[in-house]
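# Per-entry structural report
Letter by letter, the chains look like this.
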Amino acid sequence: MKQRSTFFPSSEVVMHNQLFQSALVVKANPIGMVSTNRYVNMENERESGGEPHIGLEFDTADEARDFYNMYATKTGFKIRIGQLYRSRSDGSISSRRFVCAKEGFQLHSRTGCPAFIRVKRLENGRWVIDHFHKDHNHELDSPGNICPPQYQGKYVTASKPLADLSSRSGSRLREEESDCQPCPSGTIDVKRLKKEERVDIPAVQPSVGLEFNSANEAYKFYFIYAAHEGFKIRIGQLFRSKFDGSITSRRFVCSKEGHQHSRIGCGAYLRIKRQDSGMWVVDRLQLEHNHELKVQPCADKEVPSVLVALKEEEEDAFVSNLSQENSIGDQWYRTLLEYFQSKQSTETGFYYAVDLDGNKCRNLFWADGRSRFSCSQFGDAVVFDIAYKRTSSVVPFASFIGINNHRQPVLLGCALIADESKESYCWLFQTYLRAMSGRRPTSIITDQDEAVEQAVSQVFRGTRHCFSMWQMKKLEQEYLGVLARGNNFRYEYEKCVYKSQTPAEFDASWTILISRFNLTGNSWLKEMYSKRSSWVPLFLRGTFFAGLFGDESTTSYFSSLLDARTPPEEFVTRYERVIQRRREEEMQEDMNSCNSQATLRTKEPMEDQCRRLYTMAMFKVFQKELIDSYSYTGLRIYEEGIISKYLVKKGGSDSDPHTVSLDGSSLNANCSCQKFEYDGMLCRHILKVFQHMNLSEIPSRFILTRWRRNAKYALLDNIDPNFSSQELKAMVIWSLREEASNFVEAGTTSIDRYRLALGILREGNKDLCW
């Protein structure tokens, strides 16, 4: 096993030497008019098989490809057709890449070779080389041993945007050229399904267990079924084996799946899984739609020709920029490294780390100073978001998200996870802790993933781990959707999972549910029951999650950042845009809380107290609980010395009963609903008891600093006795650093302010030293 190493900002020179060696990409200068003599020379050079260079022009992209192929044959290597890029204005092809056959890492025979040429279309219709990388990172063959490849296909030259190629209108699109070779197992070649091909309506309905000879056959079957029923389909996610990269399963979804454009989140889909025999079997199925179906005349007889071919080599082009098989592609790495270095030169708090395996980059982590400061404030409850696994994105982008004092998601750190193993996640979590000065979260929410679970238990010891509620809802729909039709299963299931008050009550309800609906053999329910402490709300109440467990807002922090074809240079631009927008929203809420006052709705002094202390968003949460408490009654059911117990019920009935324990001397209160322990806000039950005692103010321990208006600057006012010295030091460092950053920024606006700031610093330094 190769030794892995981590490089930090101080190791930039070593990193360059190890990863790139002499891999220099020469960028072209703007190209204007070409003189007649130069044009004649270029014609002669092309015909004589000269070496590519920037500025060399061609009549067509085909001609550029043939020229590079001839040069490659003479030099001793093979080429492949790489990405193409389209114009944002009209969708026409604006540039193409032709790469060494060993570019990328998807196949074991490839070495990530950086050699390529890129040709760009000029306004006059000609094509010019604007990027050229000559050097290879592998030995070249003897020229006589290279056989030029035969290209059977032609370039797609449509000038209109191809709507089916991107989930984002106007996005830069990448395609691969299609050929007429048979589809490898597991690949879908929709282009081969010609429009003239007539297919009979399937004789059987889709069902779990239905088998097909190929993935193409399954797609054809589902397409005809969909047309007959009155809906359209799209090709959804595919999943690959972690051992050999081969496709193991595929999903075909309703065209209205998702929420972009006109889509409405339809859950209908069919998933096929590859068997050891080579056959493909339907293993998951959802037939129910959330919209009306419309049968089109004669639509059930035609399979269209879609200008997308998801063949294995084409998918390889999509993942070659950032391979999910043990390495991050050079283009992504170079772009991000340049971005990291530029950020670090202007921001002292910027941090990044790189996980290397030999010369291959496996994973990246980064966090700017604002994110690290946010972690010292709001890093107690964290969401580790790997939403790319639930979308069509091939870029394994992950993020650490917290929630601020306005209940807004805040960014704590970002990562690219090229190697989705327990070892990689352990490296990432350890790097996160190092970047955050050891601030360990109280709770962390992730998707259900075996490697992530193992890494969390190993690195975040003592941290409460749970699965995200929004993922569980999707899994419930996927695995239990059929059961929810035509019976009371959905009601009984939700009552058991979300209404049970004690572990014994949950176990009894679960047993009855499994027996009543004959689900003893349901493997997913068996697994979920064994992991019930990680997702059933009953078992999570005693841990602080800042209300994140059921909050879907964190999953949309970077919702528009990536799609399946986002190039690295556009990723950086989008990333900066999202960060700026989110932080402007946070600043706006700061201003609203400082400059506005909510309307009081009761005569309780404690309402006015909380209006002064809480942010606007958190005061509204408190106010709702206070008003709801008026519909409850409290009855003292036990008293011994200073300890009392109250039974609090809604409207005096037996519905929603909870028990509140109160220490009369310290005014320390606990409720069986454990709302305060879970999200840091007093529940209506405790508020009812406080009203019964005629308290005018809420004890300060029940108004958490993290929810206050001055949370960013008052974290040290109420020190949590459970904080370690390392955590306390981290909070002090980042609090001072944030203040210093604002001070420096204000002091550089003019010479007079600079002199004033410098004088304040010098006087302050004297006082500190004294």
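Predicted model only: the values in this text are computed from it and were never measured.

Quick notes on the rules
The residue count restarts for each chain, going from 1 along the sequence in the order it is written. Where totals are concerned, whole chains, interfaces and linings use all residues; where local detail is concerned, this predicted model gives features only for residues with pLDDT of at least 70, and gives and counts side-chain atom pairs only at 80 or more. With hydrogens and water set aside, each side-chain value is computed from the structure's full complement of heavy atoms. Helix and strand assignments come from DSSP, with helices taken as H or I runs of at least 4 residues and strands as E runs of at least 2, each series counted from the N terminus. Relative accessibility under 20% of the residue-type maximum defines a buried residue, over 50% an exposed one, and the middle range a partly exposed one, all with a 1.4 Å probe and only protein chains included. Note on contacts: a residue pair is in contact if any heavy atoms of the two residues lie within 4.5 Å. Here the open area of atoms and residues is found with the Shrake-Rupley method and a 1.4 Å probe, where only the protein chains shown may cover a residue. UniProt positions are given in the numbering used here, feature names are shortened, and annotations may be inferred rather than shown by experiment. The pairing test for Phe, Tyr and Trp rings, Trp by its six-membered ring, is centres within 6.5 Å, and the orientation test on the planes gives stacked under 30 degrees, edge-to-face over 60, and tilted for anything in between. Two limits define a charge over a ring: the Lys NZ or Arg CZ must be within 6 Å of the ring centre, and within 35 degrees of the ring normal. Paired strands are those between which DSSP finds at least two bridges. By definition, a salt bridge exists where a carboxyl oxygen of Asp or Glu is found within 4 Å of a side-chain nitrogen of Lys or Arg. Fitted lines through C-alpha atoms serve as axes, helices being fitted only where they are in contact, and the angles separating the N-to-C directions of these axes extend from 0 to 180 degrees. Each angle is binned into one of four classes, with values under 35 degrees roughly parallel, values over 145 roughly antiparallel, values of 65 to 115 roughly perpendicular, and all other values oblique. For any helix crossing, the convention is left-handed if the near helix is rotated counterclockwise from the far helix by under a right angle, and right-handed if that rotation is clockwise. Only residues above 30% relative accessible area that lack a salt bridge enter a patch, with like-charged residues linked at up to 9 Å and the nonpolar side chains Val, Leu, Ile, Met, Phe, Trp and Tyr linked at up to 5 Å.

Once that is clear, we can look at the overall build of the protein chain. Broken down by element type, the protein chain carries 20 helices and 23 strands. Counting the 770 residues in the protein chain, one finds 51% classified as buried. Counting only contacts in the protein chain whose residues sit at least 6 apart along the sequence, the fraction spanning at least 24 positions is 62%. Accessible area of the protein chain: about 36900 Å², with a carbon and sulfur share of 51%.

Within this numbering scheme, the UniProt entry marks residues 658-694 as carrying the feature "domain: SWIM-type" (unreviewed entry). Taken end to end, residues 658-694 is 38% helix and 27% strand, and its two terminal C-alpha atoms sit 20 Å from one another.

The subject of this paragraph is the environment of Leu 293. Secondary-structure assignment places Leu 293 in the loop between β12 (280-286) and α5 (312-320). Between the alpha carbons of Leu 293 and Phe 231 there is a distance of 5.7 Å; along the sequence they are 62 residues apart. The contacts of Leu 293, once residues within four sequence positions are left out, are Glu 229, Gly 230 and Phe 231.

It is worth spelling out the packing of aromatic side chains at this point. Inspection of the entire model under this criterion finds 47 aromatic pairs. Relative to Phe 340, the ring of Tyr 339 has its centre 6.0 Å away and its plane inclined at 55°; by these criteria the two rings are tilted. Here the two residues Tyr 339 and Phe 340 agree in accessibility, since each one is buried. Here the aromatic residues Trp 332, Tyr 339, Phe 340, Phe 350, Tyr 352, Trp 366, Phe 397, Tyr 557, Phe 558, Phe 571 and Tyr 575 are joined through ring pairs into a cluster of three or more. Above the ring of Phe 116, the side-chain terminus of Arg 97 is found at 4.2 Å from the ring centroid.

All right, on to the pairing of strand β13 (residues 351-357) then. The element β13 is extensively covered by neighbouring structure, given that seven of its seven residues are classed as buried. Side-chain alternation along β13 places Tyr 351, Ala 353, Asp 355 and Asp 357 on one buried face and Tyr 352, Val 354 and Leu 356 on a second face that is also buried. Relative to strand β14 (residues 360-367), β13 runs antiparallel, the two being bridged by seven bridges. Paired with Tyr 352 across the two strands is Trp 366, which belongs to β14.

Another point: the pattern of salt bridges. Evaluated as defined, the whole model comprises 34 salt bridges. When the shortest N-O distance is used, the salt bridge between Arg 126 and Glu 57 registers 2.9 Å. You can see Arg 126 sitting in the loop between β6 (116-121) and β7 (127-133) and its partner Glu 57 sitting in strand β3 (residues 57-58), a full 69 residues away along the chain. The exposure classification of Arg 126 matches that of Glu 57, with both residues buried. The residue Arg 755 makes a salt bridge to Asp 752 at a minimum N-O spacing of 3.9 Å.

The backbone of Asn 518 sits at a positive phi, close to 55°, despite the residue not being glycine. Looking at where Asn 518 falls in the secondary structure, it is placed in the loop between α12 (503-516) and α13 (523-530). Classification of Asn 518 by relative accessible area gives exposed; the value is 66%. Of note in this structure, Leu 667 is not a glycine but carries a positive phi near 60°. Here Leu 667 is to be found in the loop between β22 (658-663) and β23 (668-671).

Across the sheet, which stays open at both edges, the five strands sit in the order β8-β12-β11-β10-β9 with antiparallel pairing between neighbours. Since the sheet does not close on itself, it has two edges, and those belong to β8 (211-212) and β9 (233-240), each with one partner. Where β9 and strand β10 (residues 247-254) come together, six bridges link them in antiparallel fashion. Among the inter-strand pairings, Phe 239 is bridged to a residue of β10, identified as Ser 249.

Moving on, we get to the packing of helix α15 (residues 605-613) against helix α16 (residues 616-629). Look at α15 against α16: their axes get within 9 Å of each other, and the N-to-C directions meet at 165°. Looking at the two axes, α15 sits roughly antiparallel to α16. Regarding α15 and α16, the two cross each other, and that crossing is right-handed. Contacts between α15 and α16 involve Met 606, Glu 607, Cys 610 and Arg 611 from the first element and Phe 619, Phe 622, Gln 623 and Leu 626 from the second.

So, about the pairing of strand β16 (residues 397-403). Among the seven residues in β16, seven count as buried, and that is most of the element. Side chains Phe 397, Ser 399, Ile 401 and Ile 403 project from β16 onto one buried face, and the interleaved Ala 398, Phe 400 and Gly 402 project onto a second face that is buried too. When β16 meets strand β17 (residues 409-417), the two strands line up antiparallel, connected through seven bridges. Pairing of Ser 399 across the sheet is with Cys 414, part of β17.

The next thing to look at is a nonpolar patch on the surface. On the surface, a nonpolar cluster with roughly 450 Å² of combined accessible area is contributed by Leu 635, Ile 637, Tyr 638, Ile 642 and Ile 643. Residue contributions to the nonpolar patch peak at three residues, all from strand β20 (residues 632-640). Relative to the helices and strands, Ile 637 is located in strand β20.

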